[in-house]
Amino acid sequence: MQPSQLRSLAWLDARALPGASFRELAEEAVRHLRAEHPHYHWVGIYMVEGALLRLWSWDGPAATQHVEIPLDQGVCGYAASTGSIANVPDVDQDPRYLQCFLGTRSELVVPIRAGERVFGEIDIDSDRLAAFDDSDEAFLSAFGSRLAELAADAGLQGHVPG
Ligand code: SME
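Starting from 1, residues in each chain are numbered consecutively following that chain's sequence as written. Only residues with pLDDT of at least 70 get local features here, since the model is predicted, and only at 80 or more are side-chain atom pairs given and counted; chain-wide, interface and lining totals rely on the full set of residues. Note that the side-chain values use all heavy atoms of the structure and ignore hydrogens as well as water.

1. Here's the deal with unusual backbone geometry
Residues other than glycine predominantly adopt negative phi, and peptide bonds predominantly adopt the trans conformation.
Alright, step 1. The backbone phi angle of Ala130 is positive, close to 45°, even though this residue is not glycine.
Alright, step 2. Only DSSP runs of H or I reaching four residues or more are called helices, and only runs of E reaching two or more are called strands; each is numbered from the N terminus. Structurally, Ala130 can be placed in the loop between strand 6 (117-126) and helix 4 (134-153).
Alright, step 3. Exposure categories follow from relative accessible area, calculated using a 1.4 Å probe and restricted to protein chains: below 20% of the type maximum is buried, above 50% is exposed, and the middle band is partly exposed. Ala130 gets classed as partly exposed once you look at its relative accessible area, which sits at 49%.

2. Comments concerning the pairing of strand 1 (residues 42-49)
Alright, step 1. The element strand 1 is largely enclosed, with a buried count of seven among its eight residues.
Alright, step 2. As judged from the six bridges shared by strand 1 and strand 6, these two strands associate in the antiparallel manner. Across the sheet, Ile45 pairs through a bridge with Ile122, a residue of strand 6.
Alright, step 3. Here strand 1 runs beside strand 2 (residues 52-59); their pairing, made up of seven bridges, is antiparallel. Looking at the pairing, Glu49 lines up with Leu52 of strand 2.
Alright, step 4. Paired strands are those between which DSSP finds at least two bridges. Linking two consecutive strands that pair antiparallel, namely strand 1 and strand 2, is a turn of two residues; a positive phi of about 65° is found at Gly50 within it.

3. Here we look at the pattern of salt bridges
Alright, step 1. The term salt bridge refers to a side-chain nitrogen of Lys or Arg lying within 4 Å of a carboxyl oxygen of Asp or Glu. The final tally for this structure, using the stated rule, is eight salt bridges.
Alright, step 2. Note that Arg34 and Asp59 form a salt bridge whose closest N and O atoms lie 3.3 Å from each other. Separated by 25 residues along the polypeptide, Arg34 in helix 2 (residues 22-36) and Asp59 in strand 2 bring together distant segments of the chain.
Alright, step 3. Judged by its relative accessible area of 29%, Arg34 falls in the partly exposed class.
Alright, step 4. Salt-bridge contacts for Arg96 lead to Asp94; the nearest nitrogen and oxygen are separated by 2.7 Å.
Alright, step 5. Its relative accessible area of 30% is what places Arg96 among the partly exposed residues.

This is the structure:
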């Protein structure tokens, strides 16, 4: 992992204290990720609520109309309903893609997952084609695992895919 990625994991560990509010942490995390990783142009955290994903926090140049996404729709729905990472190098070539911003060229969605249970996901849009590499996937998987532990501690249910 890159130094900036390791610093972000340390940042999260320092905030992830027992009893911390998951909602406040989600707000801080999107701001932190966008500020520290310049190719993360828009960052959101969606959480699984029944058959929907709901946008709990976001940071970026503009709000999205997709504040609720059914689990069977979009790149976001794919990641949450399968528990798999979706790394889309060119959103114009992906039939699952739901457009939020005209400038978006690539998207990375990483589940917030503990074992089989998926609590939500981190969704990142970039204005660059193929902006996300293996290190982004590894970093955000680790970040998401830590968030999943906190979500479980907070009593959130998420779901188990399949
Ligand atoms: N593009 C996503 C929708 C969320 S916006 O990027 C914020 C999708 O295809 O699910």
